[in-house]
Amino acid sequence: MVFKILTFLSIFIMTSGVFLEFSIVSDESSWVYVASTLSEGNAAIYTTQGGWATKLLDASWIGGKNAMNVAGNSTITKFFYIAGIPESGKLSVGADDYFTTYINDKTTNCRIDSGSFTLSAGRLCDVFSYLVNGLNKIVFEVKNGGGPGGLMFRLVVTSNL
Ligand SMILES: *[C@@H]1O[C@H](CO)[C@@H](O)[C@H](O)[C@H]1NC(C)=O
């Protein structure tokens, strides 16, 4: 299993231990399934389409290699590792059109019916309560109504070793 664990990592020494802050972003190490069953393998990076305003540090617009203009649902999955005890988790998402976020197989509070791609900072969600020490899985179910579809996300995690 190949995945990029940490896009960037900052380490600060604190009295209570080692404080980690790192981000998980949409990139080619995410996996894409179209209509939940057809694997497109690793995500493709998309060029920004007209109307896509979301810009998130280090994140790219992604989707299936072949399915950008397919109407219907795709899922985009990424695994990541949290060393130590999670202390915070702030998720930003832009999706064309609808999305639901699942973390560690739980439906989260991070979902929107439409229009997140028009928000420059995306849809902001606190997902701390879904994060666990060790291996984590984040899944986005993205529904494209027609025309170009895509997803951009950035999850900033802090933890304490
Ligand atoms: C497609 O995805 C949207 C957004 O997550 C969700 O609301 C809807 O229930 C999904 N539809 C199906 C048929 O899975």
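Before any of the text, the structure's been laid out above.
The rules we used
Residues numbered from 1 in each chain as written. Predicted model: local features only at pLDDT ≥ 70, side-chain atom pairs only at ≥ 80, totals over all residues. Heavy atoms only, no water. Pairing = 2+ DSSP bridges. Helix = DSSP H or I, 4+ residues; strand = E, 2+ residues; numbered from the N terminus. Axes fitted to C-alpha atoms, helices over the stretch in contact; angles between N-to-C directions. Disulfide = S-S within 2.5 Å. Buried < 20%, exposed > 50% of the residue type's maximum accessible area, 1.4 Å probe, protein only.

### Focus: the sheet that holds strand β7 (residues 72–82)
And then number 1: On the basis of which strands lie adjacent, the open sheet formed by six strands has the order β4-β3-β7-β12-β9-β10 and antiparallel pairing. Each edge of the open sheet is held by one strand with a lone partner, namely β4 (38–42) and β10 (106–112). Taking each pair of neighbouring strands and ignoring which way they run, the sheet shows an average axis angle of 20°.
And then number 2: Note: strand β3 (residues 31–34) against β7, four bridges, orientation antiparallel. Bridge assignment links Y33 to a residue of β7, and that residue is T75.

### Some points on the state of the cysteines
And then number 1: By the definition in use, this model includes one disulfide.
And then number 2: The disulfide partner of C110 is C125, and the gap between their sulfur atoms is 2.0 Å. On the sign convention where negative is left-handed, the bridge of C110 and C125, at about 65° about the S-S bond, is right-handed. Taken together, the positions of C110 in strand β10 and C125 in strand β11 (residues 123–126) put the pair 15 residues apart, joining distant regions of the chain.
And then number 3: Classification of C125 by relative accessible area gives buried; the value is 8%.

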